[in-house]
Amino acid sequence: MAYIDVSGVSKSFPPRHVLRNVSLSVERGGFVSIVGAMGSGKTTLLGILAGLVPADSGAVLVGGEPVREVRHDTAFVFQNYSLLPWFSALENVRLAIAAALPDTARPAQVDMARLALEQVGLGNAVDRRPGQLSGGMRQRVAIARAFATKPQILFLDEPFGALDALTRETLQQDLMRLCSAADRPVTTVMVTNSVDEAILLSDQIVPMLGGAPATLGRPIEVPLPRPRSTTQLAYDENAAQVRAHVIATLTEAIGGRTRRAPGTRVETRGAIALAAEKSP
Amino acid sequence: MKRVLQLMLPAVGVGLALLAWWAASVKVPDLPSPLRTWEESKVYVLEPLAKRGETDQGIVLLAYYSLVRVAQGFLLGIAIGTPVGFLFGVSPLVTRMFDPLMQVMRPISPLAWLPLGLILFQKSEPAALFAIAVCSMWPTIINTMVGVRAIPQDYWNVAKVLRLSPTTTFLKIILPATLPYMFTGYRLSLGIAWLVIVASEMLTGTPGVGGFLWQEYNSLIYAHILLAIITIGVIGFVLDRLMGLAEARLRAV
C-alpha cells in the first residue's frame with residue numbers, strides 16, 4: 001500500500017457538493033501535484049489529506065493509520081503565508097519548533113529557527129515582522145517554518161500563487177533544493193493551478209476534473225531527470241508532451257461537462273483561460 | 001498659512017460657543033456669564049489642591065477623587081468583562097445562553113443600578129463601584145467577543161497545523177489577534193465609567209466632581225456648576241484620547 005492512501009473521499013459544504021469519490025496514492029518520498037482550476041476543491045482536498053478538514057465519507061491513511069487530526073510529522077504551507085503578524089520572522093518559525101519539540105531549550109529553538117531562515121536566504125531579516133517583508137520573503141518564512149521541524153510529509157497549497165513570475169521561480173528552486181537536501185525522504189503533495197509549476201516540481205501530476213463536485217483524473221507521470229529548471233523544461237520534448245497531456249485531460253473534462261450541462265459556461269471559460277495561459 | 005488656519009478653527013469654535021453662552025446668560029438671569037463664572041470659580045482653578053472642606057476643595061483634588069473611583073470601577077468592569085468576552089467569543093453555546101440576558105441588562109441606566117448597589121452593599125462607595133462596573137463592562141464584553149470571532153480562519157489553521165496547545169494558542173494567537181478589539185472595548189467602557197461616576201456621586205453625595213456639582217446646585221452657586229461641567233468634559237476627552245493612543249499603537253502591528 002502507498003504511504004499516503006486516499007480512497008473514496010467525498011465532501012460537501014451544503015448545498016455545494018465539492019468532492020466526489022476521490023482516490024489518490026502517494027509513494028513515500030514522492031512529489032505529487034494536483035492541478036486544476038481555481039475553486040475546483042483542491043484546497044479542500046488538501047485540507048482533508050492533512051487532517052484539517054474532516055471528510056464526509058471515504059478514508060485517508062498515512063503509513064496505514066487513519067488521519068483524524070494533523071499529524072505531528074506534517075507541515076503545511078498556505079497560499080496566503082499565514083504568518084502571525086505580531087511576531088518576527090524568527091518567532092514565527094520558533095513557535096513551530098517549540099510546538100514540535102517542546103523539550104528543546106529555548107536558545108536551541110532560536111538557533112534552529114535562525115538556521116531554517118538562513119537556508120531560505122533570510123539570515124538578515126530574522127527580526128522583521130511579516131508586515132515589513134515582501135510577499136516572496138513572507139512565503140520564504142512560511143517555507144522555513146514548514147521545513148524547520150523536519151517533516152516527513154509536506155502539503156503545499158498554491159504556495160507560489162500570489163507571487164510574481166521571477167520570485168516564483170527562485171522560490172521553486174529553493175523548494176526543490178530543500179526537498180532533495182532533507183536527510184530523510186519528504187513526501188510532498190502540492191496543489192496548484194500552474195501546469196508548468198507542476199511539471200517542474202513533481203514526479204506525478206493528478207488532474208482535478210470537473211468541479212462541484214470534482215474528482216481526480218488518472219495520474220500522469222513526469223519522466224524527466226532531476227535537477228530540472230524552467231528554462232530547460234521550456235525546450236524539452238518530454239516536458240512538452242506531459243504539458244500537452246495534462247492540458248488535454250483538463251480541457252477534455254470540461255468539454256464533456258459542457259456537452260452534458262450547458263449551464264456551466266463560466267467555469268468552462270475560466271478553465272480554458274487556465275489552459276491557454278499555461279501552454280507555450 | 002493653511003496650517004495656521006487649521007489651528008485657528010477650533011479656537012473660533014470655542015469662541016462661538018462662549019458667545020452663545022454669553023447670549024444665553026443675558027436672557028436667563030440665573031445663568032452666570034462666562035466672565036462671572038470665571039471670577040466666581042477661579043479660586044478652585046488657581047488653588048487646585050486646596051482643601052477647605054468636604055466638598056469645598058480645589059478642582060484637581062476633586063477630579064482626583066472621581067478618577068480614583070472611576071479607575072477602580074473600570075478595572076473591576078474590564079476584569080469581569082474581558083474573560084466573559086473571550087468565553088462568549090469561543091463558545092456559541094454560552095453566548096446563546098446569556099445573550100438575551102445581556103441585551104436586557106445593557107440598556108439599564110446607572111441611576112437604576114445604584115440603588116440596587118446600595119441595597120447589596122449598604123454603603124455608598126462600593127455601590128458606586130458596582131454601578132460603574134456593571135454599566136461599563138458591556139462594550140468590553142461585546143468587543144472582545146467580536147474580536148475573537150473575527151480571528152481569520154488562517155490563524156486557526158496555523159494553530160492546528162503547528163499542533164499548538166490550547167494555552168499556546170490562546171497566548172500566541174487568540175490574545176494578540178483580539179487585543180485591538182479589546183482596547184476599543186476598554187476605551188468605550190472608560191467613557192461610560194466616566195459618565196456613571198458623575199451620576200453616582202450626585203446620588204450618594206460623595207466628594208468628587210459630581211458630588212461638588214450637586215452640592216453647589218443645592219447651594220445655588222451656579223457658576224461652580226458650570227466649572228464642574230467643563231471639568232467633567234475636559235477630563236472625559238483626555239481619557240478618551242489616551243485610550244485612543246493605546247488603541248492606535250496596537251492596531252499599528
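What you are looking at is a predicted structure, and each value in this text was computed from that prediction instead of being measured.

**Focus on the overall build of chain B**
Part 1 of the reasoning: Summing up its helical and strand segments, chain B has 10 helices and 0 strands in all.
Part 2 of the reasoning: Each principal axis of the C-alpha atoms in chain B carries an extent, and together these give about 70 × 60 × 30 Å.
Part 3 of the reasoning: Put simply, of all contacts in chain B between residues at least 6 apart along the chain, 65% involve residues at least 24 apart.
Part 4 of the reasoning: As displayed, chain B offers around 13800 Å² of accessible surface, 71% of which is attributable to carbon and sulfur atoms.
Part 5 of the reasoning: Of the side chains in chain B, 19 bear a positive and 13 a negative charge, and the two mean positions are spaced by 14 Å.

**Comments concerning the packing of aromatic side chains**
Part 1 of the reasoning: With the rule as written, the count across this model stands at 13 aromatic pairs over all chains.
Part 2 of the reasoning: Feature note: the residues A:Phe76, A:Phe78 and A:Phe155 constitute an aromatic cluster, connected by ring pairs.

**Observations concerning the packing of helix α3 (residues 59-90) of chain B against helix α4 (residues 92-105) of chain B**
All names here are of chain B.
Part 1 of the reasoning: Between α3 and α4, whose axes approach to 6 Å, the crossing angle comes to 120°. One element, α3, and the other, α4, form an angle in the oblique class. Residues Leu87, Phe88 and Val90 of α3 form the contact with α4, whose own contacting residues are Pro92, Val94, Thr95, Phe98 and Met102.
Part 2 of the reasoning: Taken together, the residues of the contact of α3 with α4 break down into 7 nonpolar, 1 polar and no charged.

**Side note on the side chain of B:Glu201**
Part 1 of the reasoning: Within the fold, B:Glu201 resides in helix α8 (residues 166-204).
Part 2 of the reasoning: Once residues within four sequence positions are removed from consideration, B:Glu201 is found in contact with B:Ser66, B:Arg69, B:Thr206, B:Pro207, B:Gly208, B:Val209, B:Gly210 and B:Gly211.

**Examining the interface of chain A and chain B**
Part 1 of the reasoning: Taken together, the contact between chain A and chain B spans 22 residues of the former and 15 residues of the latter.
Part 2 of the reasoning: For the chain A and chain B pair, buried surface summed over both sides reaches about 1700 Å², with 68% attributable to carbon and sulfur atoms.
Part 3 of the reasoning: Summed over the three residues of chain A that lose the most area to chain B, namely A:Leu52, A:Trp86 and A:Leu95, the buried surface amounts to 31% of that side.
Part 4 of the reasoning: Run the count over chain A and chain B and you get 2 salt bridges.
Part 5 of the reasoning: In this structure, A:Glu69 and B:Arg163 form a salt bridge, with 3.7 Å as the shortest nitrogen-oxygen distance.
Part 6 of the reasoning: Put simply, chain A and chain B have 5 residue pairs in polar contact (both at pLDDT 80 or more) between them.
Part 7 of the reasoning: Looking at the side of chain A that touches chain B, the element that brings in the most residues is helix α2 (residues 89-100) of chain A, giving 5 residues.
Part 8 of the reasoning: Residue classes in the side of chain A that touches chain B are distributed as 12 nonpolar, 4 polar and 6 charged.

**Some points on the environment of B:Leu203**
Residues and elements named next belong to chain B.
Part 1 of the reasoning: As for its position among the elements, Leu203 is in helix α8.
Part 2 of the reasoning: As a C-alpha pair, Leu203 and Leu114 span 89 residues in sequence and 8.3 Å in three-dimensional space.
Part 3 of the reasoning: The contacts of Leu203, once residues within four sequence positions are left out, are Leu111 and Leu114.

**A word on the confidence of the model for chain B**
Part 1 of the reasoning: Averaged over every residue, the pLDDT of chain B is 89; residues scoring 70 or more account for 98%.
Part 2 of the reasoning: On the interface metric, ipTM, the complex scores 0.81, and its pTM is 0.79.

**Regarding helix α9 (residues 209-218) of chain B**
Residues and elements named next belong to chain B.
Part 1 of the reasoning: Those residues of α9 that fall on the buried side of the exposure criterion are Val209, Gly210, Gly211, Phe212, Leu213 and Glu216.
Part 2 of the reasoning: Those residues of α9 hidden inside the fold are in contact with α2 (34-46), α3, α8 and α10 (222-251).
Part 3 of the reasoning: Backbone geometry just downstream of α9 places Leu220 in the positive-phi region, at approximately 65°.

**Notes on the environment of B:Ser33**
Residues and elements named next belong to chain B.
Part 1 of the reasoning: Positionally, Ser33 belongs in the loop between α1 (2-27) and α2.
Part 2 of the reasoning: Look at Ser33 and you get buried, because its relative accessible area is 18%.
Part 3 of the reasoning: Sequence separation of Ser33 and Leu226 is 193 residues, and the distance between their C-alpha atoms is 9.9 Å.

**Things to note about unusual backbone geometry**
Keep in mind that most residues, glycine aside, have a negative phi and that most peptide bonds are trans.
Part 1 of the reasoning: Here the residue pair A:Pro14 and A:Pro15 is connected by a cis peptide bond, since its omega of 5° sits within 30 degrees of zero.
Part 2 of the reasoning: Its location among the elements puts A:Pro15 in the loop between β1 (4-13) and β2 (16-26).
Part 3 of the reasoning: A cis geometry characterises the amide bond from A:Arg226 onward to A:Pro227, with omega recorded as 0°.
Part 4 of the reasoning: Even without a glycine there, the phi angle at A:Ser82 is positive, about 50°.
Part 5 of the reasoning: Position of A:Ser82 among the secondary structure elements: in the loop between β6 (74-77) and α2.
Part 6 of the reasoning: One non-glycine residue, B:Arg163, lies in positive phi territory at about 55°.
Part 7 of the reasoning: Residue placement: B:Arg163 occurs in the loop between α7 (153-161) and α8.
Part 8 of the reasoning: The class for B:Arg163 is partly exposed, based on a relative accessible area of 37%.

**Notes on a nonpolar patch on the surface**
Part 1 of the reasoning: On the surface, B:Val4, B:Leu5, B:Met8, B:Leu9, B:Val12, B:Leu16, B:Leu19, B:Trp22 and B:Val26 cluster together into a nonpolar patch covering about 910 Å² of accessible area.
Part 2 of the reasoning: Along the chain, B:Val12 turns up in helix α1.

**Looking at the pairing of strand β3 (residues 31-35) of chain A**
Residues and elements named next belong to chain A.
Part 1 of the reasoning: Counting buried positions along β3 yields 5 of 5 residues, so the element is predominantly enclosed.
Part 2 of the reasoning: On β3, burial covers both faces: Phe31, Ser33 and Val35 on one face and Val32 and Ile34 on the other are all buried.
Part 3 of the reasoning: In the sheet, β3 pairs with strand β8 (residues 187-192) via 5 bridges, with the strands oriented parallel. Its bridge partner lying in β8, Phe31 is registered against Thr188.

The rules behind each value
Numbering of residues begins from 1 in every chain and follows the order in which that chain's sequence is written. Labels are handed out in written order, letters beginning with A for the chains and numbers beginning with 1 for the ligands. Per-residue local features of the predicted model are confined to residues with pLDDT of at least 70, and side-chain atom pairs are confined, for both listing and counting, to 80 or more; whole-chain, interface and lining totals are unaffected and use all residues. Heavy atoms throughout the structure, all of them, feed into the side-chain values; hydrogens and water do not. Secondary structure elements are defined from DSSP: runs of H or I of at least 4 residues count as helices, runs of E of at least 2 residues count as strands, and each element is numbered from the N terminus. Contacts between residues were defined by any pair of non-hydrogen atoms, one from each residue, lying within 4.5 Å. Method for areas: the Shrake-Rupley scheme with a 1.4 Å probe, in which residue coverage is limited to the protein chains shown. Neither His nor the chain termini are counted; the positive set is Lys and Arg, and the negative set is Asp and Glu. Here the site of a charge means atom NZ of a Lys, CZ of an Arg, CG of an Asp or CD of a Glu. Think of it this way: a Phe, Tyr or Trp ring, Trp meaning its six-membered ring, pairs with another when their centres are within 6.5 Å, and the plane angle makes it stacked under 30 degrees, edge-to-face over 60, tilted otherwise. Under this scheme, a helix contributes an axis fitted over its contacting stretch, all axes are lines through C-alpha atoms, and angles between N-to-C directions fall in the 0 to 180 degree range. Between 65 and 115 degrees an angle is taken as roughly perpendicular, under 35 as roughly parallel, over 145 as roughly antiparallel, and anywhere else as oblique. Side-chain classes follow a simple rule in which Ala, Val, Leu, Ile, Met, Phe, Trp, Tyr, Cys and Pro form the nonpolar group, Asp, Glu, Lys and Arg form the charged group, and the remainder, Gly included, forms the polar group. Buried area: the accessible surface (1.4 Å probe) lost by two parts on joining, summed over both. Basic side-chain nitrogens of Lys or Arg form a salt bridge, by our definition, when they fall within 4 Å of a carboxyl oxygen of Asp or Glu. A 3.5 Å cut-off defines polar contacts: any pair of N or O atoms within that distance qualifies, except that in protein one atom must be a possible hydrogen donor and the other a possible acceptor, and neighbouring residues in sequence count only when both atoms are side-chain atoms. Predictor confidence is given residue by residue as pLDDT, running from a minimum of 0 to a maximum of 100. When a residue's accessible area, from a 1.4 Å probe over protein chains only, is under 20% of the maximum for its type it is buried; when over 50% it is exposed; and in between it is partly exposed. Note that patches include only residues with greater than 30% relative accessible area and no salt bridge, and the join distances are 9 Å for like charges and 5 Å for nonpolar side chains (Val, Leu, Ile, Met, Phe, Trp, Tyr). Strands are treated as partners if at least two bridges between them are detected by DSSP.

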